Structures are given as structure tokens and as C-alpha cells.
Amino acid sequence: MKTFIKLASCTAVAAGFAILPSAVSAQSTMAYPEKCKSEEMDMSKADMSSGGMPMGDMTDYQKASMDGMKDMHMNMMQGMMKKDADVSFVCGMIAHHMGAISMSQVELKYGDNDEAKQMAQKVIEAQKKEIEEMSKWVDQEVK
């Protein structure tokens, strides 16, 4: 019986990850909304390359994580510069959620614990839905 349960749970895990490529590719097509970007900030001059850590000493996992954090922080700073508190909040949350998806994608690529990978997949699915909702709000509410 235990063998059957283990086999069934392994099959369920494998089936759950069968949808992974579409979830990952869907995120890679998601873009930070233009209406969330701030005209007042020139992010091209911001140096957020490695957070002060020497990149050569990092593992591939750490480098991938840092790249995702850099993108998230740049977008969050853009969104937080909006003059309207509601817009600033929603734009900041979109960037934050995109960062969570990036972290989850790194886990799926480099992690080896099935339970952690399942959590990462759940994060991707949940955050993607919320990003879509918040992006619709931005499209409708931000002039």
C-alpha cells in the first residue's frame, strides 16, 4: 500500500510539473506596465548590478536570483515614484509579484526538493493571476 501511495504521489507531482513550461513562458511574456513607469526617474543610471556582492563568487543560482531582484527593485522604485498613493501601491505590488515569480522560477530551475518546487509553482500561478488583475486596474484607472 505504501508503495502505491508513493507512486501515486510521484505521478501527481510529475503531472503538476507537466504544466511548468507554459507557466514559465507566460511569465517571461509579462511586462511591467508602461503606466507604472515614472518619467521623473532615469533608471538607466541606477547601479543595482549585484547588491554589493562580488558576482564571481556567486553560484549560478545566486546570480539568477540577483538578476531577478535587480529587475524587481528597479520596477518597484519606478512604481513608488508615482504621485498617486493608489497607483504607487498597485504598481509597486505588480513589481513585487513579478519578483516572487522570478524567485520561484529560479527555484524550479535549480532546486531539488519536490515540496519546495511545488510551493514555487503555486506562487507562480497565484502571483500571475494577481498581476493580471492589478495590470487591468492600472490600464483602467491610470491616465
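Residues numbered from 1 in each chain as written. Predicted model: local features only at pLDDT ≥ 70, side-chain atom pairs only at ≥ 80, totals over all residues. Heavy atoms only, no water.

1. Things to note about the environment of D60
Stated precisely, the cut-off is as follows: Helical segments are the DSSP runs of H or I of at least four residues, strand segments are the runs of E of at least two, and each set is numbered from the N terminus.
For D60, the location among the structural elements is in helix α3 (residues 60-80). Residues D60 and Y110, 50 residues apart in the sequence, show an inter-C-alpha distance of 8.5 Å.

2. Looking at the state of the cysteines
Condition: Working definition: a disulfide is two cysteine sulfur atoms within 2.5 Å of each other. Residue exposure (1.4 Å probe, protein chains only): buried if accessible area is under 20% of the type maximum, exposed if over 50%, otherwise partly exposed.
For the structure shown, the criterion picks out one disulfide. Linked covalently through their sulfurs, C36 and C91 form a disulfide whose S-S length is 2.1 Å. On the S-S bond that ties C36 to C91, the torsion sits near -75°, and the link is left-handed. Of the two residues, C36 sits in the loop between α2 (20-29) and α3 while C91 sits in helix α4 (residues 85-110), which places them 55 residues apart along the sequence. Of the residues examined, C36 reaches a relative accessible area of 0% and is grouped as buried.

3. Points about the confidence of the model for the chain
Here is the rule we go by: Confidence scores labelled pLDDT are given residue by residue by the predictor and lie between 0 and 100. Contact between two residues is taken to exist if any of their heavy atoms lie within 4.5 Å; hydrogens are not considered.
In the predicted model, the chain carries a mean pLDDT of 78, and the fraction of residues at 70 or more is 68%. Of all helices and strands in the chain, the one with the weakest mean pLDDT is helix α1 (residues 2-17) (37), whereas helix α5 (residues 114-141) scores best (97). Throughout residues 1-28 the model reports pLDDT below 50, and contacts reaching past four residues in sequence, or to other chains, amount to 18 contacts.

4. Observations concerning the side chain of K82
Quick reminder of the rule: Under the rule applied, a polar contact is a pair of N or O atoms within 3.5 Å (in protein, one hydrogen donor and one hydrogen acceptor; residues adjacent in sequence only if both atoms are side-chain atoms).
Its place among the elements puts K82 in the loop between α3 and α4. We classify K82 as buried; its relative accessible area is 18%. From its side chain, K82 meets the backbone oxygen of K37 in a polar contact 2.9 Å long.

5. Things to note about the packing of α3 against α4
Under the convention used in this document: Axis definition: a line fitted to C-alpha atoms, limited for helices to the stretch in contact. Angles are taken between N-to-C directions and run from 0 to 180 degrees. Comment on the angle field: the value is read as roughly parallel under 35 degrees, roughly antiparallel over 145, roughly perpendicular from 65 to 115, and oblique elsewhere. Under this grouping Gly is polar, as are all residues other than the nonpolar Ala, Val, Leu, Ile, Met, Phe, Trp, Tyr, Cys and Pro and the charged Asp, Glu, Lys and Arg.
Remark: α3 packs on α4, axes separated minimally by 8 Å, with the N-to-C direction vectors making an angle of 170°. Here α4 runs roughly antiparallel to α3, going by the angle between their axes. Where α3 abuts α4, its residues D60, Y61, A64, S65, G68, M72, N75, M76, G79 and M80 lie against S88, C91, G92, A95, H96, G99, S102, V106 and Y110. Looking at the contact of α3 with α4, its residues break down into nine nonpolar, nine polar and one charged.

6. Description of α5
Because an α-helix completes one turn every 3.6 residues, residues spaced three or four positions apart along the sequence face the same direction. Heads up, the condition is: A helix is expected to span 1.5 Å multiplied by its residue count minus one.
Taking 1.5 Å of rise per residue, 28 residues should cover 40 Å, and α5 covers 40 Å from first to last C-alpha, within 8% of that figure. Of all the residues in α5, the buried ones are K117, A120, Q121, I124, Q127, I131, M134, S135 and V138. Looking at where α5 begins, the residue whose side-chain oxygen comes 2.9 Å from the main-chain nitrogen of E115 is N113.

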